[in-house]
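Given next are the chains, with one letter for each unit.
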Amino acid sequence: MKSVGFVGWRGMVGSVLLNRMIEENDFSKIIPHFFSTSQIGQNGPTINNITFKNLKNAYNLNLLEEMDIIVTCQGGSYTDSIYSKLRKNNWNGYWIDAASTLRMKDDSVIVLDPINLESINQAISHGIKTFVGGNCTVSLMLIALGGLFKENLIEWIYVSTYQAASGAGAKYVIELLKQMGSLYNAVSEDLSNNFYSILEITKKVTKIIQDNNFPLKNFSVPLAGSLIPWIDSDMGTGQSKEEWKGQFETNKILNSKNIIKIDGICVRISSIRCHSQSILMKLSKNVSLKNIEEIIANHNTWVNLIPNNMQETISKLTPSAVTGTLNIPVGRLRKSSIGEKYFSAFTVGDQLLWGAAEPLRRMLNLLTNI
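Residue positions are given per chain, counted from 1 along the sequence in the order it is written. Side-chain atom pairs in this predicted model are given and counted only at pLDDT of 80 or more, local residue features only at pLDDT of at least 70, and totals for whole chains, interfaces and linings cover all residues. Only hydrogens and water are set aside; all other atoms, that is, all heavy atoms of the structure, feed into the side-chain values.

Participant: Got a sec to walk through the side chain of Thr-368? Specific residues and values, please.
Facilitator: Positionally, Thr-368 belongs in helix α13 (residues 353-368). For the purposes of these results, a polar contact is taken to be a pair of N or O atoms within 3.5 Å, where, inside protein, one atom must be able to donate a hydrogen and its partner to accept one; residues adjacent in sequence count only when each atom of the pair is a side-chain atom. A polar contact is formed between the side chain of Thr-368 and the backbone oxygen of Asn-365, at a distance of 3.0 Å. When checking whether two residues touch, look at their non-hydrogen atoms; a contact exists if any pair is within 4.5 Å. Sequence-distant contacts of Thr-368, that is, excluding residues within four places in its chain, are made with Lys-2, Ile-30 and Ile-69. We count a stretch as a helix when DSSP gives it H or I for four or more residues in a row; a strand needs E for two or more, and each element gets its number in order from the N terminus.

Pasting the structure below:
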């Protein structure tokens, strides 16, 4: 069995990864070693009633080099610090990374096996050793529309994303909850008073949101009772880096000969978990709605086609319905009034599962079975 080192397993993505591995009994296939950047020597996780003691130093190159595989959810700064040093020391093990740092490198493969298993297997056979999880919204969109991509039916996509606070990290979720708590505490007594004007309540809420004491350390602007129409850094073109990733990562995953144009606007909303996406796509040829539905529904086992009616849409096509599951519902599917080849769709997925941890878990399984 292969020795596998885990770094960043305490964070949101790392915790979800460990939970999925326990659910699928993946730890029975490997010899796990747990590393830490800040709690060296302390106890690690408890798995199947066994506590892994004496956490290893995640910056100790000698210990890392003993691993056949390293799985890191620690973030880009850790990858920047360690990865190149290991490779310069001629470490020839497999590196599986949740961070974006290495995604667009020529010697790395973005992993999403329901979509690009053939490319992954080819990379392994050609000696590629670096495998990276993709951008969360890109991965979720690809699985949702996988059948259309496979049939080369998509000419371009314009997507508007509605991304949960947890996509930014744990401290952002905590800040959102503090913001929500501040708003409720400010008007809780007024809400129980049936004679109190809702306009007065909303004025109080607005005042609290605009107050300098509102919790703004991480987001820097209010999210509760609001939204943030910008995610990630400025590319200098009017496009955010999160929006830029849509086209470039999609085409790398698909290994496309003809570039599929993808653009859109990425928005942070006050959902705790799950990213949603509103999609307008132009197809390469005129296809009936029924055929589109069949192609989407039959591509993989995780896509759930939601009929385009009000009741099923509001009950099944929401973050609250999807959180904690591998299901990726696709709904609001219809031919657009813009033209015959234009279709709209709406999809939701848990970005901590298929958008982050699950592709890493499945990649690890592929490598442990070699």
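Participant: Break down the sheet that holds strand β5 (residues 56-57) for me, with residues and values.
Facilitator: The sheet built from seven strands is open, its strands ordered β5-β2-β1-β6-β7-β9-β8 with parallel pairing. If you trace the sheet from one side to the other, it starts and ends with β5 and β8 (108-111), each paired once. In this scheme, strands are said to pair when DSSP sees at least two bridges between them. In this structure, strand β6 (residues 69-72) lies alongside strand β7 (residues 94-97), joined through four bridges in parallel fashion. Bridge pairing links Ile-70 to Trp-95 in β7. Angular values range over 0 to 180 degrees, each being the angle between N-to-C directions of two axes fitted as lines to C-alpha atoms, with helices fitted over their stretch in contact. With respect to the sheet, helix α3 (residues 76-88) is in contact with β1 (2-7), β6, β7 and β9 (130-133), its orientation differing from that of β7 by roughly 170 degrees.

Participant: Describe in detail the pattern of salt bridges, supporting the description with residues and values.
Facilitator: Definition used for salt bridges: Asp or Glu carboxyl oxygen within 4 Å of a side-chain nitrogen of Lys or Arg. Inspection of every chain in the model, using the stated rule, returns 16 salt bridges. When the shortest N-O distance is used, the salt bridge between Glu-358 and Arg-20 registers 2.8 Å. Of the two residues, Glu-358 is situated in helix α13 and Arg-20 in helix α1 (residues 12-23); the sequence distance between them amounts to 338 residues. One exposure class covers both Glu-358 and Arg-20, and it is buried. The residue Lys-245 makes a salt bridge to Glu-242 at a minimum N-O spacing of 3.7 Å. Placement of both Lys-245 and Glu-242 in helix α9 (residues 241-254) is noted, with a separation of three residues, approximately one turn of the helix. Each residue is assigned to one of three classes by its accessible area relative to the maximum for its type, calculated with a 1.4 Å probe on protein chains only: buried under 20%, partly exposed between the two thresholds, exposed over 50%. Residue classification places Lys-245 among the buried residues on the basis of a relative accessible area of 7%. A single salt-bridge network, built from bridges that share partners, covers Arg-20, Glu-23, Glu-24, Asp-26, Lys-29, Glu-358 and Arg-361.

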